[in-house]
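# Results of the structural survey
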Amino acid sequence: IAQAGSSLCSAGSAMAGKYVNEDSVESERPLKVCAEAGRKCVRNIHQYPVLSAEWIALVDSLKQLSRLVQLEGRMPVNPKVLETQGRDAESTGTLWDQETHENAIRILVEEAKVNLCLRMMTDYKRWQMNDAEKRATMEEAMKAYEYNENQLEQKCIQFEECLGMLLHRAFMHVETLQLMDIPLLIEHCGFILETVKVCGSESIGDSRLQETLVLCYFGSLMKHAEALNNAELLAKTRESNLIQMSVEHYLKYLDQIPADTKLTLAEGLAAMADNEDFKTEWEDFFTAENAKANFLMLEEHLSNPILQEKPDKRKDLRPLTDFYACVKRSM
């Protein structure tokens, strides 16, 4: 009887193990499907003239890829990565060993497409802001395809929203920025901010468009600067007057900027204030008239409201709040 009982227990354990393994396979199947679909979409990313037949087809791939990113964001975290040998237990992980699922973004990095995506976005925004060129391209496309002007405008919006979201999610990871053309990213941010300053924009407040996302890009650059080519990044930032332009942009449109974007900006500025190289030469970044006074307005209009709503962020934003005092002493 004991032997029979033992045999039954062994058989039960084997069956249980089988079902656990099957459950594990089943739970991982959606991830594999997402990864395969994501890689196919990423490999479709190439640079084409805006509103060409190939560019319009590309918009569909970008829409599918952005939907995959959103789908992965709703998936439960993967606790297995915590057991990965050699993983830094103090960090949230990299694209390859984090708990959250970001296969689409990881594939974008692995396929070396992020710089290409940035160039595509840069070219698109320059095209969009050139009224004569845009009008000529739109008229040519309406003659060539069965699209009216509203349909073509919708394709343009979809392109910017989907590509902008992919870039934003990619730039949140230092390993992406380490592979980026940082001067081009800073130049792109500067172009968007300068254009809005001169021409204005109706897109502020839409978290999916560049006129808002540019503050997130700037925040990510500052947050990860010390893990990049810090000296070159700060020099290019100073040369392009990026800090002052970002501050002015925020202050002008602060009522329209989403809360998540505000937090990303504040965390980026806190990291900037804590940057050892920045600390030694910070006044070189504030040479313009009213630059310091404008920056100090962020205390009332950015960091204080965040801390009132999220007191747990006090430690993260401490370098920024300390920097306000430093700026005040210098005036």
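Residues numbered from 1 in each chain as written. Predicted model: local features only at pLDDT ≥ 70, side-chain atom pairs only at ≥ 80, totals over all residues. Heavy atoms only, no water.

## What to know about the overall build of the protein
On a plain count of helices and strands, the protein comes out with 15 helices and zero strands. When the 331 residues of the protein are sorted by exposure, 45% land in the buried category. Looking at the protein alone, contacts between residues at least 24 apart form 76% of all its contacts between residues at least 6 apart. With the model as given, the accessible surface of the protein reaches about 17300 Å², and the carbon-plus-sulfur share is 49%. (Helix = DSSP H or I, 4+ residues; strand = E, 2+ residues; numbered from the N terminus. Buried < 20%, exposed > 50% of the residue type's maximum accessible area, 1.4 Å probe, protein only. Contact = heavy atoms within 4.5 Å. Areas by Shrake-Rupley, 256 points an atom, 1.4 Å probe, with all protein chains shown as cover.)

## Thoughts on the layout of surface pockets
Within this model, the second largest pocket holds a volume of roughly 390 Å³. Together, 18 residues line the second largest pocket, and Gln128, Ser201, Glu202, Ser203 and Glu211 are the ones closest to its centre. Only α4 (114-128), α6 (149-171) and α8 (182-199) provide two or more residues apiece to the lining of the second largest pocket. Ranked by residue count, the leading element in the lining of the second largest pocket is α6, at four residues. In terms of residue class, the lining of the second largest pocket is built from seven nonpolar, five polar and six charged. (1 Å grid on protein atoms, 1.4 Å probe; cavity = no way out; pocket = protein on both sides within 12 Å on 5 of 7 lines; lining within 4 Å. Points joined across faces, edges and corners; volume = space filled by probe spheres on them. Nonpolar A, V, L, I, M, F, W, Y, C, P; charged D, E, K, R; others polar.)

## Considerations on the pattern of salt bridges
This structure, assessed with the given rule, holds 20 salt bridges. Here Arg106 ties to Glu110 by a salt bridge, and the two come within 3.0 Å at their closest N and O atoms. On the criterion of helical spacing, the pair formed by Arg106 and Glu110 is a turn pair, its members being four residues apart in helix α3 (residues 103-110). For Glu110, a relative accessible area of 35% corresponds to the partly exposed category. One salt bridge in this structure joins Lys236 and Glu239, with 3.8 Å as the shortest N-O distance. Placement of the pair is Lys236 and Glu239 together in helix α10 (residues 230-239), with a separation of three residues, close to one helical turn. Judged by its relative accessible area of 64%, Glu239 falls in the exposed class. In the salt-bridge network here, residues are joined through shared partners; they are Arg39, Arg43, Arg106, Glu110 and Glu111. (Salt bridge = Lys/Arg side-chain N within 4 Å of Asp/Glu carboxyl O.)

## A closer look at unusual backbone geometry
Backbone geometry places Leu51, a non-glycine residue, at a positive phi of 70°. Within the secondary structure, Leu51 is located in the loop between α1 (2-43) and α2 (53-73). Phi at Ala112 takes a positive value of approximately 55°, unusual for a residue other than glycine. Positionally, Ala112 belongs in the loop between α3 and α4.

## Notes on helix α5 (residues 131-144)
With 14 residues, α5 extends 20 Å between its outermost C-alpha atoms, agreeing within 8% with the 20 Å of an ideal straight helix rising 1.5 Å per residue. Buried within α5 we find Lys134, Thr137, Met138 and Ala141. In a view along the axis of α5, the buried residues occupy a sector of 100°, so they form one face of it. Exposed positions of α5 whose direction lies more than 90 degrees from the buried face are Ala132, Glu140 and Lys143. Residues of α5 that are buried sit in contact with α4 and α6. (Expected span 1.5 Å × (residues − 1). Arc of directions from axis to C-beta.)

## Remarks on helix α11 (residues 242-253)
Between the first and last C-alpha of α11 there are 16 Å, a value that for 12 residues agrees with the 16 Å anticipated at 1.5 Å per step. Within α11, 10 of the 12 residues are buried, which leaves it mostly tucked inside the rest of the structure. Inspection of α11 places Leu242, Ile243, Gln244, Met245, Ser246, Val247, His249, Tyr250, Leu251 and Tyr253 among the buried residues, and these make up the whole buried set.

## Looking at the packing of aromatic side chains
Counted by the stated rule, this structure contains 13 aromatic pairs. Look at Trp282 and Phe286: their rings are 5.9 Å apart centre to centre, the planes differ by 65°, and that puts the pair in the edge-to-face class. Here Trp282 matches Phe286 in class, with each residue buried. Pairwise contacts between aromatic rings join Phe278, Trp282, Phe285, Phe286, Phe295, Phe323 and Tyr324 into one cluster. One Lys or Arg, Arg126, reaches over the ring of Phe191 and ends 4.0 Å from the middle of that ring. (Phe/Tyr/Trp six-rings, centres within 6.5 Å; stacked < 30°, edge-to-face > 60°. Lys NZ or Arg CZ within 6 Å of the ring centre and 35° of its normal.)

## Quick word on the packing of α11 against helix α14 (residues 291-309)
α14 packs onto α11 with a crossing angle of 45° between their chain directions and a minimal axis gap of 10 Å. In terms of orientation, α11 and α14 fall into the oblique class. The two elements α11 and α14 cross, and the hand of that crossing is left-handed. Residues Gln244, Val247, Glu248, Tyr250 and Leu251 of α11 lie in contact with α14, whose contacting residues are Ala291, Asn294, Phe295, Met297, Leu298, His301 and Leu302. Looking at side-chain class alone, the contact of α11 with α14 contains eight nonpolar, three polar and one charged residues. (Axes fitted to C-alpha atoms, helices over the stretch in contact; angles between N-to-C directions. Parallel < 35°, antiparallel > 145°, perpendicular 65-115°, else oblique. Left-handed = near helix turned anticlockwise from the far one by under 90°.)

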